[in-house]
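Structural characterization, general
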Amino acid sequence: MYKIGEWAKVRKDFKECFEVSFAPFYAGLLTLAYRRIVMDIVKFDEWLEKNYPDEWENTSMENIIRHHYGQKGISIINALI
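Residues numbered from 1 in each chain as written. Predicted model: local features only at pLDDT ≥ 70, side-chain atom pairs only at ≥ 80, totals over all residues. Heavy atoms only, no water.

With that out of the way, let us pick up the overall build of the protein chain. Helix and strand counts for the protein chain stand at 4 helices and 0 strands. For the protein chain, the α and β elements follow one another from N to C terminus as α-α-α-α. A buried classification covers 38% of the 81 residues belonging to the protein chain. Excluding contacts between residues fewer than 6 apart, the proportion of contacts in the protein chain whose partners are at least 24 apart in sequence is 49%. Within the structure as shown, the protein chain displays about 5200 Å² of accessible surface, and the carbon and sulfur contribution to it stands at 53%. Separation of charge centres in the protein chain, based on 11 positive and 12 negative side chains, amounts to 12 Å. (Helix = DSSP H or I, 4+ residues; strand = E, 2+ residues; numbered from the N terminus. Buried < 20%, exposed > 50% of the residue type's maximum accessible area, 1.4 Å probe, protein only. Contact = heavy atoms within 4.5 Å. Areas by Shrake-Rupley, 256 points an atom, 1.4 Å probe, with all protein chains shown as cover. Lys, Arg positive; Asp, Glu negative; His and termini not counted. Charge placed at Lys NZ, Arg CZ, Asp CG, Glu CD.)

Right, dumping it as structure tokens:
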């Protein structure tokens, strides 16, 4: 879990792992409601599908993240949902 004051850490961790900005996936209203930084997992899912279209038939989002971004990717996503 990333606390509200950890914006710089979220941006850094996300960019280092996924090589893309966190901004398109930021869920502002949920962040305010939960008082921690939250991502829009649906937007992230759409981004993954766009970048890895041939891998979706018989696997899960978690497996795709693990395959391409390792356990660090899984940990970051879990901390943001």
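After presenting the structure, the write-up continues.
The N-to-C vectors of helix 1 (residues 7-18) and helix 4 (residues 61-80) enclose an angle of 165 degrees; their axes lie 9 Å apart at closest approach. What the angle tells us is that helix 1 and helix 4 run roughly antiparallel. When the axes of helix 1 and helix 4 are compared, the crossing they make is left-handed. In this structure, helix 1 uses V10, D13, F14, E16, C17 and F18 to contact helix 4, whose residues at the interface are I65, Y69, K72, G73, I76, I77 and L80. Of the residues belonging to the contact of helix 1 with helix 4, the class tally is 9 nonpolar, 1 polar and 3 charged. (Axes fitted to C-alpha atoms, helices over the stretch in contact; angles between N-to-C directions. Parallel < 35°, antiparallel > 145°, perpendicular 65-115°, else oblique. Left-handed = near helix turned anticlockwise from the far one by under 90°. Nonpolar A, V, L, I, M, F, W, Y, C, P; charged D, E, K, R; others polar.)

Core analysis: the largest hydrophobic core is formed by 24 residues, its most contacted members being F14, F18, F44, L48, I65 and L80. Of all the secondary structure elements, the ones that give two or more residues to this core are helix 1, helix 3 (41-51) and helix 4. With 9 residues, the top contributor of residues to this core is helix 4. (Core = buried A, V, L, I, M, F, W, Y, C linked by side-chain atoms within 4.5 Å.)

What follows concerns the environment of E6. Inspection of the secondary structure assignment puts E6 in the segment before helix 1. Along the backbone, E6 and R36 are 30 residues apart, and their C-alpha atoms lie at a distance of 8.9 Å. Dropping the residues within four chain positions of it, E6 is found in contact with M1 and I37. For E6, the side chain forms a polar contact with the main-chain nitrogen of K3, separated by 2.7 Å. (Polar contact = N/O pair within 3.5 Å; in protein donor to acceptor, adjacent residues only side chain to side chain.)

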